[in-house]
Amino acid sequence: MQYKRILLKLSGEALMGDRPYGIDPKRLAEYAKEIKEVVEKGIEVAIVIGGGNIFRGVAGASNGMDRVQGDHMGMLATVINGLALQSALEDEDVHTRLQTALEIKEVAEPYIKRKAIRHLEKGRVVIFGAGTGNPYFTTDTAAVLRAIEINADAILKGTRVDGVYNSDPEKNADAIKFATISFKDVISKGLKVMDMTAFTLSQENKLPIIIFDMNKKGNLIKLVSGEKIGTIIDN
Ligand code: GTP
């Protein structure tokens, strides 16, 4: 196996499947199956999930809502998604723990780094909810932060695009995908991978980022097995 401990970042919007909002149980079940395969290989898996399928703080702010208020709503949305993912994983008999950056003790454990690491060592999937617990930060930043804290080997960002391209592949048919690219080149070429807070945090802490298509069946297990899937961003 290529990695011993990974941080998987899933977008909230991907959970919608073909729906206009919310959670598609079919998509959730597919994700749970993909994650189970990886856990069964003995890889330690931590997960950060977004909340965009339910609420986005930035979108709220652009409609006149207070940004902090909006971000708090977004953080709670990630907890909802975390609970849904936990339930789907448990349906697959995967042991999980949900830890949240905001204390909602009746619902989930509070985030405690050492406890999270112990869970991972025991083969449990740890889902981190409520982002970083602070407004103005994205769930990508939360993913990088948690990955660094738990000493993950890499952050695997599942998207609907299968890697980093030299131009937008959804708009330009001639776009070329990078198999690997350095942090420096992503910045100098003006490519969009994550927001800059998340990206530079990853760069400064030498945490490789892998961008891949999570909706293609089997991609996750192939990736952790060492197959060249998606784009690796490294120093
Ligand atoms: P070990 O210490 O390795 O046995 O881990 P554990 O998670 O099984 O032990 P613990 O006794 O801490 O937790 C038992 C169950 O309670 C698990 O399902 C936890 O997720 C849950 N749990 C622990 N702390 C909290 C909390 O603060 N809030 C909520 N809602 N659940 C909690």
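All values reported here derive from a predicted model rather than from experimental measurement.

### Describing the environment of S182
Locating S182 in the fold gives a position in strand β9 (residues 180-182). As a C-alpha pair, S182 and K9 span 173 residues in sequence and 20 Å in three-dimensional space. With near-sequence residues (within four places) excluded, S182 lies in contact with I233, D234 and N235.

### Regarding the pattern of salt bridges
Two side chains bearing opposite charge may form a pair once their charged atoms approach each other closely. Enumeration according to the criterion identifies 16 salt bridges in this entry. With its nearest N and O atoms 3.2 Å apart, the salt bridge here joins E44 to K4. Residue E44 is located in strand β2 (residues 44-49), and its partner K4 is located in the segment before β1 (5-10); the two are separated by 40 residues in the primary sequence. Looking at E44, the relative accessible area reads 9%, which means it is buried. The network of salt bridges with shared partners includes K4, R5 and E44.

### Points about unusual backbone geometry
Positive phi values are uncommon outside glycine, yet D93 reaches one of about 60°. By secondary structure assignment, the location of D93 is in the loop between α3 (67-91) and β3 (96-100). Owing to a relative accessible area of 65%, D93 belongs among the exposed residues under this scheme.

### Quick notes on the side chain of K9
Mapped onto the elements, K9 comes out in strand β1. Accessibility expressed as a relative area gives 5% for K9, which makes it buried. Separated by 3.4 Å, the side chains of K9 and T139 make a polar contact. Leave out the neighbours within four places in its chain, and K9 touches V48, I49, G50, T139, D140, A143, L156, K157 and G158.

### A short note on the packing of helix α5 (residues 139-149) against helix α7 (residues 196-204)
The relative placement of two packed helices comes down to the angle between their axes together with the axis-to-axis distance. Contact pair α5 / α7: the axes reach a minimum separation of 8 Å and the direction vectors enclose 20°. Here α7 runs roughly parallel to α5, going by the angle between their axes. Crossing hand, α5 versus α7: left-handed. In contact with D140, T141, V144, L145 and I148 of α5, α7 contributes T197, A198, L201 and S202. Residues belonging to the contact of α5 with α7 are distributed by class as follows: five nonpolar, three polar and one charged.

### Focus: the UniProt feature "binding site: UMP" (unreviewed entry) in the protein chain
Cross-referencing UniProt, the feature "binding site: UMP" (unreviewed entry) maps to G51, D71, T132, G133, N134, P135, Y136, F137, T138 and T139 in the present numbering. Of the residues just listed, which span 89 residues, no C-alpha pair is farther apart than 14.3 Å, and they cluster in one region. With respect to the helices, strands and loops of the structure, G51 is situated in the loop between β2 and α2 (57-62). Note on G51: relative accessible area 8%, which makes it buried. Setting aside residues no more than four positions away along its own chain, G51 makes contact with G12, A77, T78 and N81. Mapped onto the elements of the fold, F137 is located in the loop between β5 (125-129) and α5. Take F137: its relative accessible area is 41%, and that puts it in the partly exposed class.

Definitions and cut-offs
- Residues numbered from 1 in each chain as written.
- Predicted model: local features only at pLDDT ≥ 70, side-chain atom pairs only at ≥ 80, totals over all residues.
- Heavy atoms only, no water.
- Helix = DSSP H or I, 4+ residues; strand = E, 2+ residues; numbered from the N terminus.
- Contact = heavy atoms within 4.5 Å.
- Salt bridge = Lys/Arg side-chain N within 4 Å of Asp/Glu carboxyl O.
- Buried < 20%, exposed > 50% of the residue type's maximum accessible area, 1.4 Å probe, protein only.
- Polar contact = N/O pair within 3.5 Å; in protein donor to acceptor, adjacent residues only side chain to side chain.
- Axes fitted to C-alpha atoms, helices over the stretch in contact; angles between N-to-C directions.
- Parallel < 35°, antiparallel > 145°, perpendicular 65-115°, else oblique.
- Left-handed = near helix turned anticlockwise from the far one by under 90°.
- Nonpolar A, V, L, I, M, F, W, Y, C, P; charged D, E, K, R; others polar.
- UniProt positions renumbered as here; feature names shortened; annotations may be inferred.

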